[in-house]
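Letter by letter, the chains look like this.
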Amino acid sequence: MNNVKKTKEGYLETTLTGKDVLSIPTLNKGVAFSEEERQELGLEGLLPPTVLTLEQQAERAYKQFLAQPDRLRQNVYLSDLQNRNEVLFYKLLTDKLREMLPVVYTPTVGEAIQEYSHEYRRPHGVYLSIDNIDGIEKAFENLHATAGDIDLIVATDSESILGIGDWGVGGINIAIGKLAVYTAAAGIDPSRVIPVVLDVGTNNEKLLNDPLYIGNHHKRVQGEKYEEFIDAYVKTALKFFPKALLHWEDLGNKNARNIMKKYNDKILTFNDDIQGTGAITLAGVLAAVKKTGTKLKDHRVVIFGAGSAGIGIADQMRDTMVLEGLSEEEANNAFWTLDYRGLLTDQFEDEVLDFQKPYLRSSDEVSGWARDEKGQISFAETVRRVKPTILIGTSGQGGAFTEEIIKEMAAHTERPVIMPMSNPTPLAEAVPEDLFKWTDGRALVATGSPFDNVEYNGIEHEIGQSNNAFVFPGLGLGSIVTESKIITKGMFVASANAIAEMVDHEKPGAGLLPSIDKLQEVSIQVAIEVAKAAIEDGVARKTPDNIEQAVKDAMWIPEYKKIVRA
Ligand SMILES: NC(=O)C1=CN([C@@H]2O[C@H](COP(=O)(O)OP(=O)(O)OC[C@H]3O[C@@H](n4cnc5c(N)ncnc54)[C@H](O)[C@@H]3O)[C@@H](O)[C@H]2O)C=CC1
Ligand SMILES: CC(=O)C(=O)O
Ligand SMILES: [Mg+2]
């Protein structure tokens, strides 16, 4: 913003005074403004007299947070705080990360998205409309930011929010939530990021029929006009902010893949649901595979939910199997994928999307398999026939991993690896407690949403959170520090390995993934390894001598800076 600048001494300098200072969340310190600042910035008489420290403010804000009656109200409270005093918001979030992550991120962010138009208080981010493609330019111009000011933009078109579907303009909250995780986990400077919603309409009838809905009141626009809109967004965003990393979130899987194909080898961009999720799952699977004692290439994998996340996961596991010596065809053969049509076989060759094709099973293989009344091969039949050793859930179908299916899987494998990855919590394909019960404690489990520890046979089992939140913050920081040109496959593999390395396997009951308490530590490690991979892959514009130091120096910390008048 051109009315707030950073000085070489590390102060913030502003042309604003009085109430204007209090209304800017990057500047506002509330009652923490010192006497000197109050005089210099024209705040005398505009604040109660006692000056509090950031710690005291955080103590008060935490009490106010706890006084909220439910999770949604806590989310609204934190969102108000973020829009009022950014440093205080991040101080609270980082100090209480385990407790507050589920409120600003999955699962509660899902509720906040559904209630967006009714809970709306003030705008946050950039709202682009397909009905005004020419307005994109104006929207970025209205931010009054200069080319070097922005490092990262998270954009969604809200077609496939978590597992809850199409939520139109409310999807801005997933972009805001992801950015909060970037800052809390990897110290991405919150004044250098932008959340964007690409409002192309919605097919959600509930929203369309709601007079208070504040997004575009028409069906989703697809096809050429959609592509034109996306291209205009990318072009304009990079015209204003040429170094920015463009993060895509919760698009429908067809558009998500098309955008990846078009841009991934040309600009600094990635799809979180496909690539970030692939990397975190690979980390969890590598940890599990170590425990099973069988190489990844010798596992049989059933993916229940062959969409963005499911096939993104299959792709990264497949690539790792190829590194272990399988041909691509052999590696593809290790996967059985299911979507709403049941098991995907070559019978669907003409119907499935391109990205699903490598995993179609042959009709010969399934000729004797049972079909249900719709002619489909069910999940239960697939598990019975395949005897999978790894089962991944990315279907958004809560409870789909039934006792019968899990017991069948567990009957044929000593340590079944089971990952119900769907979010938010009610959509998890199974809950960890049941998985331990149904497998006599043999299952190796990780989930997409947070779950409490499970006590089984006297051991307290931590449940690793297989969520892309372990990947994208460090991935972003590593690519920002190296000013990477693109994000390579190697940078995702580096993320997965860095995370897998940080699991303490010796501890009884340790999860497959690091504890969420270590999110910051993990993100720094991911950033370091990503930066190294960017340099190794020849895509880094900057090659710091001391990568670790460069990563740490680049991190924003939630503490008040002295504010002076320009
Ligand atoms: N833990 C994590 O980090 C992540 C988790 N996810 C979760 O994965 C789920 C799917 O997300 P996306 O892949 O983005 O959505 P998507 O819409 O691309 O994929 C969902 C897939 O599930 C299939 N499906 C729907 N009903 C089914 C049924 N009854 N049986 C079998 N398959 C069925 C759909 O046909 C589709 O292929 C969501 O719940 C999301 O929250 C997504 C990204 C990251
Ligand atoms: C975590 C995430 O990106 C999702 O559930 O869509
Ligand atoms: Mg997502």
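The chain appears in an unreviewed UniProt entry as malate dehydrogenase (oxaloacetate-decarboxylating) from Bacillus xiamenensis. In its Function (unreviewed entry) section, the UniProt entry covering the chain states "Catalyzes the decarboxylation of malate to pyruvate. Can use NAD and NADP, but with a strong preference for NAD. Can also catalyze the decarboxylation of oxaloacetate. Involved in keeping the ATP levels high." According to UniProt, the comment filed for the chain under the heading Sequence similarities (unreviewed entry) is "Belongs to the malic enzymes family."

**Student:** Provide a residue-level description of the overall build of the chain, including the pertinent values.
**Tutor:** Within the chain one finds 23 helices and 17 strands. On C-alpha atoms alone, the chain measures out to a radius of gyration of 24 Å, which is about the 24 Å that the 2.2 N^0.38 rule sets for 566 residues. Projected onto its principal axes, the C-alpha coordinates of the chain cover approximately 80 × 55 × 50 Å. The long-range share in the chain, meaning contacts at least 24 apart out of those at least 6 apart in sequence, stands at 70%. Per element, the accessible surface of the chain, about 23300 Å² overall, is 48% carbon and sulfur. Across the chain, 60 positive and 83 negative side-chain charges occur, with their mean positions spaced 2 Å apart.

**Student:** Could you give me a rundown of a negative patch on the surface, with the residues and numbers involved?
**Tutor:** Where like charges cluster on the molecular surface, the negative patch consists of Asp134, Glu224, Glu227 and Glu228. With respect to the element layout, Asp134 can be found in the loop between strand 3 (126–129) and helix 9 (135–141).

**Student:** A description of the coordination of the magnesium ion (ligand 3) should follow, citing residues and the corresponding values.
**Tutor:** Tetrahedral coordination by four donors sets the ideal angle at the metal to 109.5 degrees; octahedral coordination by six donors sets it to 90 or 180 degrees. Here the magnesium ion (ligand 3) is held by Glu249 (OE), Asp250 (OD) and Asp273 (OD), and the distances to it run 2.0 to 2.1 Å. Summarised as a motif, the one-chain spacing of the donors to the magnesium ion (ligand 3) is E-D-x22-D. In this pair, Asp250 sits in the loop between strand 6 (245–249) and helix 13 (253–263) while Asp273 sits in helix 14 (residues 272–292), placing the two residues 23 residues apart along the sequence. A relative accessible area of 14% means that Asp273 is categorised as buried.

**Student:** Describe the site of ligand 2, with residues and values.
**Tutor:** Residues in close proximity to ligand 2 include Tyr105, Leu162, Lys178, Glu249, Asp250, Asp272, Asp273, Asn423, Asn467 and Asn468, which together make up its full environment. Asp250 is positioned such that a nitrogen or oxygen atom in its side chain is 3.1 Å from an oxygen atom of ligand 2. Against a free-state accessible area of 220 Å², the protein chains account for coverage of 88% of ligand 2. Taken together, the residues of the shell around ligand 2 sort by class into two nonpolar, three polar and five charged.

**Student:** Pulling in residues and values, what's your account of the sheet that holds strand 4 (residues 152–156)?
**Tutor:** As summarised here, the arrangement of the five strands in space is 3-5-4-6-7, forming an open sheet in which the pairing is parallel. Pairing within the sheet leaves two strands with one partner each, and these edge strands are strand 3 and strand 7 (269–271). The mean angle between the axes of side-by-side strands here comes to 20 degrees, regardless of whether they run parallel or antiparallel. Note: strand 3 against strand 5 (residues 193–199), four bridges, orientation parallel. Bridging from a neighbouring strand, Ser129 pairs with Asp199 of strand 5.

**Student:** Residue-level account of the UniProt feature "domain: Malic enzyme N-terminal" (unreviewed entry) in the chain, with values.
**Tutor:** UniProt marks residues 82–264 with the feature "domain: Malic enzyme N-terminal" (unreviewed entry), using the numbering shown here. Here residues 82–264 is 48% helix and 11% strand, with 32 Å between the C-alpha atoms at its ends.

**Student:** Which residues make up the UniProt feature "domain: Malic enzyme NAD-binding" (unreviewed entry) in the chain, and what values go with them?
**Tutor:** If you check UniProt for "domain: Malic enzyme NAD-binding" (unreviewed entry), the listed places come out as residues 274–535 in our numbering. Between the C-alpha atoms that bound residues 274–535 the distance is 23 Å, and the span itself is 39% helix and 12% strand.

**Student:** Run through the side chain of Asn28, naming residues and quoting values.
**Tutor:** Considering the arrangement of structural elements, one finds Asn28 in the loop between helix 1 (19–22) and helix 2 (35–40). Since its relative accessible area comes to 8%, Asn28 is described here as buried. In terms of polar contacts, Asn28 uses its side chain to reach the backbone amide nitrogen of Gly30, at 2.8 Å. Those residues in contact with Asn28, other than ones at most four positions away along the chain, are Val21, Leu22, Phe33, Arg84, Asn85 and Tyr560.

**Student:** Please provide a residue-by-residue account of the environment of Asp272, values included.
**Tutor:** Along the chain, Asp272 turns up in helix 14. Separated by 36 residues in the primary sequence, Asp272 and Ser308 place their C-alpha atoms 9.4 Å from one another. When neighbours within four sequence positions are excluded, Asp272 is seen to be in contact with Lys178, His247, Trp248, Glu249, Thr277, Asn468 and Phe472.

Thresholds, definitions, all that
- Residues numbered from 1 in each chain as written.
- Chains lettered and ligands numbered in written order.
- Predicted model: local features only at pLDDT ≥ 70, side-chain atom pairs only at ≥ 80, totals over all residues.
- Heavy atoms only, no water.
- UniProt positions renumbered as here; feature names shortened; annotations may be inferred.
- Helix = DSSP H or I, 4+ residues; strand = E, 2+ residues; numbered from the N terminus.
- Rg over C-alpha atoms; globule rule 2.2 N^0.38 Å.
- Contact = heavy atoms within 4.5 Å.
- Areas by Shrake-Rupley, 256 points an atom, 1.4 Å probe, with all protein chains shown as cover.
- Lys, Arg positive; Asp, Glu negative; His and termini not counted.
- Charge placed at Lys NZ, Arg CZ, Asp CG, Glu CD.
- Patch = residues over 30% accessible without salt bridge, like charges linked within 9 Å, V, L, I, M, F, W, Y side chains within 5 Å.
- Salt bridge = Lys/Arg side-chain N within 4 Å of Asp/Glu carboxyl O.
- Donors = N, O, S within 2.8 Å, 3.2 Å for Na, K, Ca; no water.
- Buried < 20%, exposed > 50% of the residue type's maximum accessible area, 1.4 Å probe, protein only.
- Near = heavy atom within 4 Å.
- Polar contact = N/O pair within 3.5 Å; in protein donor to acceptor, adjacent residues only side chain to side chain.
- Nonpolar A, V, L, I, M, F, W, Y, C, P; charged D, E, K, R; others polar.
- Pairing = 2+ DSSP bridges.
- Axes fitted to C-alpha atoms, helices over the stretch in contact; angles between N-to-C directions.

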